[in-house]
Amino acid sequence: MAHMTNPLATVDQLYQRTSFSALPVDLQDIIFYATQCLTQAAGILLRLPQSVTAQASVVLARYWLVESPLSYEFSDVSAAALFLVAKLSAHPCPPRDVCNVYVYLLSSSSPIFKGGGDNSSNSNSNSTSTAGDADAEKKQALPTDAQKESYHLTEPSYAAARSRMLALESRILRALSFDTHVALPHALAVTYLQALDFLGVEPRALVAGRAIAYLNTALLSPQLLYLTHQPPALAVAAVYAAARDVDGARMPRCAWWEVFDVDREELGFLVLGMRSLEGWVRVQRERYGELRTGMVTRGFVEGEMRKRGLRFGNGSGGGGGGDGDEEMEDEETAMMRRLDEKSALLEA
């Protein structure tokens, strides 16, 4: 049964993350949430199965439990984790594809974090508009030259991004002692639904879909649910929460979760964590305007810490992450300088 369990975070790791880090807890939470959303969006654009993207999210969370998030740019860590997990799966991605996707998601043309409330109204108006109006709207929806330029990846930029991604890939492997095994609860949730005969009721597709949605939502939670609970407990909590949401789905009147070795306290904590994420995100989007305009960056975090009078370091109170970051930046600067010199020689 070892393949169905995960290495969990220790009490000391969780305590050090919240007590000995120079990075405030609220900033840690928004960094984690924004980076996990970026990872999920990149997995969709790369057409990776959700299982691969979910494993990359768990690997990323484990890495940040060992090293400070401020050691490197958040988007670079996300790209390295996704590239690493995809390489180990049956769906590897070329480095150029990964870099192109992240450049687009970080550009001003990316819809991530910006909401999509206008899409429904546009679809309703299109149904009553004429063919000429529809063609005009399609032309207007095409990206402009300025927008294309915002996510165009040049060869020097690709070389620098690829270098950073490969360096971080090896760093993640070293930090995790090359243990990248991740057991996901999605298949268990479907199995539990079948065992409880939830799939025999009328809204069986709704219950199953809702349970999977809760499991995917838990990947974004800064409560680190995938690092503190095993897959069976996550699957039971998702099934319970989904059954509460869907009308017509009746749960057994007995304590059925005990059959799957989950106690009431653990179930209640997980259900609360999964169901409370939406409200937490709404509050954070109102508090931090960065979450409504684009990806959270180290520059934004540095500015927030300066406003609070905090020293901006590597986030671990003097750990060793900063030296590796400076070394990587020095290598990138030297590479860019050599490429500029070659370009100047060719133009001359």
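Quick caveat: nothing in here was measured; it's all calculated off a predicted structure.

Reading guide: rules and limits
- Residues numbered from 1 in each chain as written.
- Predicted model: local features only at pLDDT ≥ 70, side-chain atom pairs only at ≥ 80, totals over all residues.
- Heavy atoms only, no water.
- Helix = DSSP H or I, 4+ residues; strand = E, 2+ residues; numbered from the N terminus.
- Buried < 20%, exposed > 50% of the residue type's maximum accessible area, 1.4 Å probe, protein only.
- Contact = heavy atoms within 4.5 Å.
- Areas by Shrake-Rupley, 256 points an atom, 1.4 Å probe, with all protein chains shown as cover.
- Salt bridge = Lys/Arg side-chain N within 4 Å of Asp/Glu carboxyl O.
- Core = buried A, V, L, I, M, F, W, Y, C linked by side-chain atoms within 4.5 Å.

A. Main features of the overall build of the protein chain. Helix and strand content of the protein chain: 18 helices and 0 strands. Counting across all 348 residues of the protein chain, residues that qualify as buried make up 43%. A fraction of 80% describes how many contacts in the protein chain between residues 6 or more apart in sequence connect residues 24 or more apart. Within the structure as shown, the protein chain displays about 18,300 Å² of accessible surface, and the carbon and sulfur contribution to it stands at 53%.

B. Structural view of the pattern of salt bridges. Tallying each qualifying case throughout the model produces 11 salt bridges. With a closest N to O distance of 3.0 Å, Glu67 and Arg171 form a salt bridge. Residue Glu67 is located in the loop between helix H3 (50-66) and helix H4 (74-88), and its partner Arg171 is located in helix H9 (residues 155-175); the two are separated by 104 residues in the primary sequence. Since its relative accessible area comes to 17%, Glu67 is described here as buried. The exposure class assigned to Arg171 is buried, which follows from its relative accessible area of 17%. The salt bridge partner of Asp76 is Arg164, with a shortest N-O separation of 3.0 Å. With Asp76 in helix H4 and Arg164 in helix H9, this pair connects stretches of sequence that are 88 residues apart.

C. View of the nonpolar core. Formed by 100 residues in total, the largest nonpolar core has its most connected members in Met274 and Val301. Non-local contacts of Val301, meaning those with residues more than four positions away in its chain, are made with Leu23, Leu27, Ile31, Leu70, Phe74 and Val296.

D. Broad picture of unusual backbone geometry. Phi angles above zero are rare outside glycine, and Arg47 is one such case at about 60°. Note on placement: Arg47 falls in the loop between helix H2 (25-45) and H3. Phi is positive for Asp261, which is not a glycine, with a value near 60°. Following the sequence through the fold, Asp261 ends up in the loop between helix H13 (231-245) and helix H14 (264-275).

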